[in-house]
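Summary of the model geometry
So you can see what is in the structure, the chains are spelled out below.
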Amino acid sequence: MSVYDYTVKARKGAVLNLADLKGKVLLIVNTATGCGFTPQYEGLENLYKKYHEKGLEILDFPCNQFGHQAPGDEDEIHEFCTAKYQTSFDQLAKIDVNGDTEEPLYSYLKAQQPDEKIEGLKNKAAMKAIAAISKTCQKPNDIKWNFTKFLVDREGNVVKRFDPTSEPMSFEADIAALI
């Protein structure tokens, strides 16, 4: 199995076959529009603008599992992101990332990169608090909150997992190394 063996729902009922992204560097992130981490959209957009022409794709999956922080339908979420953060990458369909209804792609991602490496005392404390309040984080490898990010190389290997407190620009060097 690889990332390329999955299809996911795009907005408006379309289907995205990840095999169509072979040869691209992927940043896969579960997002929410009403989260304390929502301003990370700005950093995601900066990375996208800088590296898209060189092969970066951002797969943005809205997720309402954490504090119901992704209200609204797919069009409302897309409108919010483009209006407030001028995002030019598209949002995919809203999904679950943990539990019985989790997106199969996320089951695969979590198996490949079981947990985030959390750096800094402040971030470790924040993630411990987040894990304690997350009602859907039941298993050790589960996504703890919105804005967990997975980095996939051009061959489809899931090479890193970044916790929600990791600002997108903090791992720009990881992306640049794969580009």
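Please refer to the structure placed before this passage.
Now for a description of the structure that goes with this document. (Residues numbered from 1 in each chain as written. Predicted model: local features only at pLDDT ≥ 70, side-chain atom pairs only at ≥ 80, totals over all residues. Heavy atoms only, no water.)

Turning to the overall build of the chain, a few remarks are in order. Along the chain, the regular secondary structure elements total 5 helices and 6 strands. Walking the chain from its N terminus toward its C terminus, one meets helices and strands in the order β-β-β-α-β-α-α-α-β-β-α. Whereas a compact globule of 179 residues would reach a radius of gyration of roughly 16 Å, the chain reaches 15 Å, a difference of no more than 12%. If one aligns the C-alpha atoms of the chain with their principal axes, the spans along those axes are about 40 × 35 × 30 Å. Expressed as a percentage of the 179 residues in the chain, the buried residues total 52%. Within the chain, contacts between residues separated by at least 24 positions form 72% of all contacts whose residues are at least 6 apart in sequence. If you sum the accessible surface of the chain, you get close to 8500 Å²; carbon and sulfur atoms cover 51% of it. When the 22 basic and 27 acidic side-chain charges of the chain are each reduced to a single mean position, those positions are 5 Å apart. (Helix = DSSP H or I, 4+ residues; strand = E, 2+ residues; numbered from the N terminus. Rg over C-alpha atoms; globule rule 2.2 N^0.38 Å. Buried < 20%, exposed > 50% of the residue type's maximum accessible area, 1.4 Å probe, protein only. Contact = heavy atoms within 4.5 Å. Areas by Shrake-Rupley, 256 points an atom, 1.4 Å probe, with all protein chains shown as cover. Lys, Arg positive; Asp, Glu negative; His and termini not counted. Charge placed at Lys NZ, Arg CZ, Asp CG, Glu CD.)

This brings us to the pairing of strand 4 (residues 56-62). Within strand 4, 7 of the 7 residues are buried, which leaves it mostly tucked inside the rest of the structure. Of the two faces of strand 4, the one carrying L56, I58, D60 and P62 and the one carrying E57, L59 and F61 are both buried. Judged from the 7 bridges that link them, strand 3 (residues 25-31) and strand 4 form a sheet pairing that is parallel. Paired with V29 across the strands is D60, a residue of strand 4. In this fold, the crossover linking strand 3 to strand 4 by way of helix 1 (residues 40-51) has right-handed handedness. (Pairing = 2+ DSSP bridges. Right-handed = clockwise from strand over helix to strand, strands pointing away.)

Using the criterion set out here, one finds 7 salt bridges in the structure. Ionic pairing is found between D75 and R11, a salt bridge with its closest N-O pair at 3.0 Å. Of this pair, D75 sits in helix 2 (residues 74-85) while R11 is found in the loop between strand 1 (7-9) and strand 2 (15-17), placing the two residues 64 residues apart along the sequence. Using a relative accessible area of 37% as the deciding quantity, one classes D75 as partly exposed. Across the pair E102 and K110 runs a salt bridge whose closest N-O atoms are separated by 2.8 Å. The same class applies to E102 and to K110, which are both buried. In the salt-bridge network here, residues are joined through shared partners; they are R11, K12, D75 and D90. (Salt bridge = Lys/Arg side-chain N within 4 Å of Asp/Glu carboxyl O.)

The next thing to look at is the sheet that holds strand 6 (residues 158-162). Whether parallel or antiparallel, the strands of a sheet pair through hydrogen bonds between backbone atoms. In spatial order, the strands read 4-3-5-6; together these 4 strands make up an open sheet with mixed pairing. Two strands bound the open sheet, and with one partner strand each, they are strand 4 and strand 6. Taking each pair of neighbouring strands and ignoring which way they run, the sheet shows an average axis angle of 15°. On the sheet, helix 1 packs against strand 3, strand 4 and strand 5 (149-152) and is oriented at approximately 155° with respect to strand 4. (Axes fitted to C-alpha atoms, helices over the stretch in contact; angles between N-to-C directions.)

One pass over the structure, following the stated rule, counts 10 aromatic pairs. Seen in terms of ring centroids, Y41 and F147 are 5.5 Å apart; in terms of plane orientation they differ by 85°. Their pairing is edge-to-face. On the criterion of sequence distance, the pair formed by Y41 in helix 1 and F147 in the loop between helix 4 (121-133) and strand 5 is long-range, its members being 106 residues apart. Looking at Y41, the relative accessible area reads 0%, which means it is buried. Residue F147 is classed as buried on the basis of its relative accessible area, which comes to 0%. The interplanar angle of 90° and the centroid separation of 5.9 Å between the aromatic rings of F61 and Y106 together place this pair among those described as edge-to-face. Of this pair, F61 sits in strand 4 while Y106 sits in helix 3 (residues 104-112), and the two are 45 residues apart along the sequence. Exposure class is identical for F61 and Y106. Each is buried. (Phe/Tyr/Trp six-rings, centres within 6.5 Å; stacked < 30°, edge-to-face > 60°.)

What is shown is where atoms sit, not what they do.
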